[in-house]
Amino acid sequence: MHIYPDARSVVHDISPDEPVILNRPHAAARAAHFFAEKFPGKSLYAVKANPSPELLRVLWANGISHFDVASIAEVRLVRQTLPDATLCFMHPVKTAKAIAEAYNVHGVRTFSLDTVEELEKIVSACSDADGTPPGDLRLLVRLRVSSEYSELSLASKFGVDLADAAALLQQTRQHCDWLGVCFHVGSQAMTPFAYVQALERVRAAVAEASVVIDVVDVGGGFPSEYPGMEPPPLEDYFSVIFRHFEALPIAYNAELWCEPGRALCAEYSSLVVRVEKRRGEELFINDGAYGALFDAAHIEWRFPVNALEDDLTQPVAEFSFYGPTCDDADFMKGPFMLPEDIQAGDYIEIGMLGAYGAAMKTGFNGFGNADQYVVEDEPMSSLYRGDRADPRASDNVVSLR
Ligand SMILES: *Cc1c(COP(=O)(O)O)cnc(C)c1O
């Protein structure tokens, strides 16, 4: 694959007619190192955030050995890409066939669940032909927790209610020698307090169940940096999580896990688009709601932008974007800050699209193509560059003590 210094050199060299994805392996490597070294436990990469095999290899090479997969296709993909990786099947609603293939063919032993029905399904799908149940299952009960501190809720779909958690933990314990509790506080959690609340629920459930807990998995939700969303340093999250984990009534050798998706790959990719038409403060660009900009359209996520022409001299103004498809919903409100004199034919780089960006692209209306290149410059912002070497103790954190 051709390597370029940056987005400008790509535009200069090939004037791309279609959107181009620019990948920064060095940024993903830095994020992986950070989690591998600083998170006080094991970090599983949540593959759905970006399943690119190149990215999986970068994370593996930089200390991420465990992968949170949610579908049989993700199981196969990671197993094929990384034969020695540990896979954890963390979708609480799976098909019996997917469970059996994961267990028998791909060596998966770790599964999550949030109902008795799913527990029974897992045990029977992993039993041998004589109906002998498996002796090596590692099961995690997913607890429903609040998403109130996160930009994107994951609270309503999955997780057993606290009222039913103790009974499910006790039943699950009877089928495995290794039992965990997991949860997800929602994506882009803007304060470590999100995890404190969730860990309080874990405490209540475990105390009521009186079962031995071997792992507490705090899930994903670790933030990245976007315009208007500047989270506290990740070190603050790690220390708050660790302190509350240590205070739980669990085995002294219990493990702590997390499942970052966004935080490990947001900085990995950016996107180069071209303005095809300007109408007032609206720019018609060649990627959008059905492409890598799903979140910009559907939840009005603001991604950082840079105009790539040298001759744009005007001060910045606020723009919104239309994507290329014929659907009115292919609209991204922004505001995106770009030079006032930007016009049709100009190129724009949109940053921080490594998570839930490239992975969301569809071929709707014939607009799915995007070449990919490696670039060597820095992502538009980074939580890992060390420019916050003196992490300010955020107000959010201080108020907890
Ligand atoms: C989506 C998901 C993650 C990753 O979430 P991020 O907010 O991207 O960190 C982790 N675990 C589970 C179970 C998920 O569904």
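Residues numbered from 1 in each chain as written. Predicted model: local features only at pLDDT ≥ 70, side-chain atom pairs only at ≥ 80, totals over all residues. Heavy atoms only, no water.

(A) Structural detail: the pattern of salt bridges. Within the structure shown, the criterion is met by 18 salt bridges. Residue Arg24 pairs with Asp377 through a salt bridge whose shortest N-O separation is 3.0 Å. One end of the pair, Arg24, is in the loop between strand 2 (20-23) and helix 2 (25-38); the other, Asp377, is in the loop between strand 19 (371-375) and helix 12 (395-398), and 353 residues separate them in sequence. Of the residues examined, Arg24 reaches a relative accessible area of 3% and is grouped as buried. For Asp377, a relative accessible area of 24% corresponds to the partly exposed category. Taken together, the salt bridges that share partners define one network made up of Asp17, Arg274 and Glu276. (Salt bridge = Lys/Arg side-chain N within 4 Å of Asp/Glu carboxyl O. Helix = DSSP H or I, 4+ residues; strand = E, 2+ residues; numbered from the N terminus. Buried < 20%, exposed > 50% of the residue type's maximum accessible area, 1.4 Å probe, protein only.)

(B) Representation of the packing of aromatic side chains within the structure. According to the stated counting rule, one finds 22 aromatic pairs in the structure shown. In textbook terms, an aromatic cluster arises when at least three aromatic residues are bridged by ring pairs, as seen for Phe34, Phe35, Phe39, Tyr195, Phe222, Tyr237, Phe238 and Tyr384. (Phe/Tyr/Trp six-rings, centres within 6.5 Å; stacked < 30°, edge-to-face > 60°.)

(C) Quick peek at the environment of Phe294. Tracing the backbone through its elements, the reader meets Phe294 in helix 11 (residues 294-298). Judged by its relative accessible area of 30%, Phe294 is partly exposed. Expressed as a C-alpha distance, the spacing of Phe294 and Asp330, which sit 36 residues apart in the sequence, is 8.8 Å. Other than its neighbours up to four places away in sequence, Phe294 contacts Gly288, Ala289, Ile299 and Met360. (Contact = heavy atoms within 4.5 Å.)

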